[in-house]
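Now for the letters of each chain:
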Amino acid sequence: MLKFAPILLAIVYALVMYRFSVWRTKHELDDKSTELADPLLRVLTDRMAVALDLKRIPVNIYEIEPVNGLAAPDGRIFITRGFYKKYRAGEVTADEMATVIAHELGHVALGHSRRRMIDFSGQNAIRTALIMLLSRFLPGIGILIANALTSLLAARLSRSDEYEADAYASALLVKAGIGTEPQKSLFRKLEKLTGAKGGMPVWMMSHPKVEERIAAIEKLETRWAVAGQN
């Protein structure tokens with residue numbers, strides 16, 4: 001029985017962490033966000049709502065400075081205050097902001113938001129179990145190996161989700177009459193907007209490389225063009 005103790009502890013830990021993470025995320029977003037009231041962005045979100053057969057798509061401003069968008073496990077869509085400031089300063093167009101909203105809608109529609117919360121808790125549980133097991137045989141470096149393995153797993157899962165959300169957003173943007181050009185132009189601005197620097201191996205990054213995301217969208221465009229000719 002004792003040999004299974006690390007696994008049992010990891011499962012309990014995962015369940016507790018999942019519940020706590022959901023609670024903490026909801027309260028954090030409730031306390032630090034308000035609904036976005038931008039007339040031009042409202043026009044674009046209304047066009048996407050029509051394409052999705054929805055009454056409207058509410059978007060919220062999350063009061064933090066990093067440039068980002070996010071989809072909460074409860075289905076709410078957020079853009080950060082820092083991102084909105086870039087838009088208000090003219091560094092990002094309204095159409096480009098609409099692509100961020102479409103991307104986050106993709107995460108919600110495809111179930112990524114809730115699954116990521118579960119994955120995060122599960123990865124912590126895996127990390128805990130690996131540390132317990134590896135530390136018995138590799139004292140001192142077991143924790144380093146466990147952290148590295150779980151980080152690789154998390155990065156791979158996240159990149160897959162990003163490609164799927166990009167594809168969803170592309171289809172929605174085309175259907176709403178916005179098109180994919182703003183999506184691709186925003187990707188080209190991302191490094192400057194976020195202050196991110198190159199050099200990290202792609203298999204350690206939570207998001208795919210910009211050029212690979214653009215190439216994936218262009219591959220979709222080619223496929224749709226061929227389908228339209230048939």
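Residues numbered from 1 in each chain as written. Predicted model: local features only at pLDDT ≥ 70, side-chain atom pairs only at ≥ 80, totals over all residues. Heavy atoms only, no water.

### Examining the sheet that holds strand 1 (residues 33-35)
The strand order 1-2-4-3 describes an open sheet built from four strands, whose pairing is mixed. Strands with a single pairing partner mark the edges of an open sheet, and in this sheet they are strand 1 and strand 3 (69-71). For this sheet the average axis-to-axis angle between neighbouring strands, irrespective of direction, equals 30°. Note: strand 1 against strand 2 (residues 59-62), three bridges, orientation antiparallel. Its bridge partner being in strand 2, Ser33 is matched across the sheet by Tyr62. In the packing of helix 3 (residues 81-88) onto the sheet, the strands contacted are strand 2, strand 3 and strand 4 (77-80), and the crossing angle to strand 4 comes to about 65°. (Pairing = 2+ DSSP bridges. Helix = DSSP H or I, 4+ residues; strand = E, 2+ residues; numbered from the N terminus. Axes fitted to C-alpha atoms, helices over the stretch in contact; angles between N-to-C directions. Contact = heavy atoms within 4.5 Å.)

### Digging into the packing of helix 4 (residues 94-109) against helix 7 (residues 181-194)
The contact between helix 4 and helix 7 brings their axes to 8 Å, and the two run at 90°. The orientation of helix 4 with respect to helix 7, classified from their angle, is roughly perpendicular. Within the contact between the two elements, helix 4 uses Asp95, Glu96, Thr99 and Val100 and helix 7 uses Pro182, Gln183, Ser185, Leu186 and Lys189. The residue inventory of the contact of helix 4 with helix 7, partitioned by class, reads three nonpolar, three polar and three charged. (Parallel < 35°, antiparallel > 145°, perpendicular 65-115°, else oblique. Nonpolar A, V, L, I, M, F, W, Y, C, P; charged D, E, K, R; others polar.)

### Here's the deal with the side chain of Gln183
Tracing the chain through its elements places Gln183 in helix 7. Here Gln183 falls in the buried class, since its relative accessible area comes to 2%. Polar contacts involving the side chain of Gln183 include one to the main-chain carbonyl oxygen of Asp166, which spans 3.1 Å. Beyond its immediate sequence surroundings of up to four residues, Gln183 is in contact with Thr99, Asp166, Ala169, Ser170, Leu173 and Ile217. (Buried < 20%, exposed > 50% of the residue type's maximum accessible area, 1.4 Å probe, protein only. Polar contact = N/O pair within 3.5 Å; in protein donor to acceptor, adjacent residues only side chain to side chain.)

### Examining the packing of helix 2 (residues 39-51) against helix 4
Where helix 2 meets helix 4, the closest approach of the two axes is 10 Å, and the angle between their N-to-C directions is 45°. Comparing their axes, helix 4 and helix 2 come out oblique. Of the two possible hands of crossing, helix 2 and helix 4 adopt the one that is right-handed. Each of Leu40, Leu41, Leu44, Thr45 and Met48 in helix 2 lies in contact with helix 4, whose residues at this interface are Ala94, Asp95, Met97, Ala98, Ile101 and Ala102. (Left-handed = near helix turned anticlockwise from the far one by under 90°.)

### Notes on the nonpolar core
Ranked by size, the top nonpolar core spans 31 residues in total, and within it Leu41, Met48, Ile79 and Phe83 carry the most contacts. Where this core is concerned, the elements lending two or more residues are helix 2, strand 2, strand 4, helix 3, helix 4, helix 6 (142-175) and helix 7. A total of seven residues in this core trace back to one element, the largest contributor, which is helix 4. Setting aside chain neighbours within four positions, we find Ile79 in contact with Leu36, Val59, Asn60, Ile61, Tyr62, Asn68, Gly69, Tyr84, Met97 and Val100. (Core = buried A, V, L, I, M, F, W, Y, C linked by side-chain atoms within 4.5 Å.)

### Topic: helix 3
Among the residues making up helix 3, those that are buried are Gly82, Phe83, Tyr84 and Tyr87. Looking at the packing, one finds that the buried side of helix 3 touches helix 2, strand 2, strand 3, strand 4, helix 4 and helix 7. Gly90 sits one or two positions beyond helix 3 and adopts a positive phi of about 90°.

### Considering the pattern of salt bridges
In this structure the tally under the stated criterion is 14 salt bridges. Where Arg76 meets Asp30, a salt bridge forms, and the shortest distance between an N and an O atom there is 2.9 Å. Here Asp30 lies in helix 1 (residues 5-31) and Arg76 lies in the loop between strand 3 and strand 4, a separation of 46 residues in the sequence. With relative accessibility at 23%, the residue Arg76 sits in the partly exposed group. A single network of salt bridges, built from pairs that share partners, joins Glu181, Lys184, Glu218 and Glu221. (Salt bridge = Lys/Arg side-chain N within 4 Å of Asp/Glu carboxyl O.)

### Some thoughts on unusual backbone geometry
Excluding glycine, residues mostly carry a negative phi; peptide bonds, for their part, are mostly trans. You will see that Asp53, though not glycine, has its phi angle at about 60°, which is positive. The exposure class assigned to Asp53 is exposed, which follows from its relative accessible area of 71%.

### Thoughts on the confidence of the model for the chain
Looking at the chain, pLDDT values average 77 and 63% of them are 70 or higher. Taking the mean pLDDT of every element in the chain, the minimum, 53, falls on helix 5 (residues 112-137) and the maximum, 97, on helix 2. Note on residues 118-123: pLDDT is under 50 here. Beyond four places in sequence and across chains, it has 12 contacts. Within the model, the stretch residues 198-205 combines pLDDT values under 50 with 14 contacts to residues more than four positions away or in other chains. (pLDDT = per-residue confidence, 0-100.)

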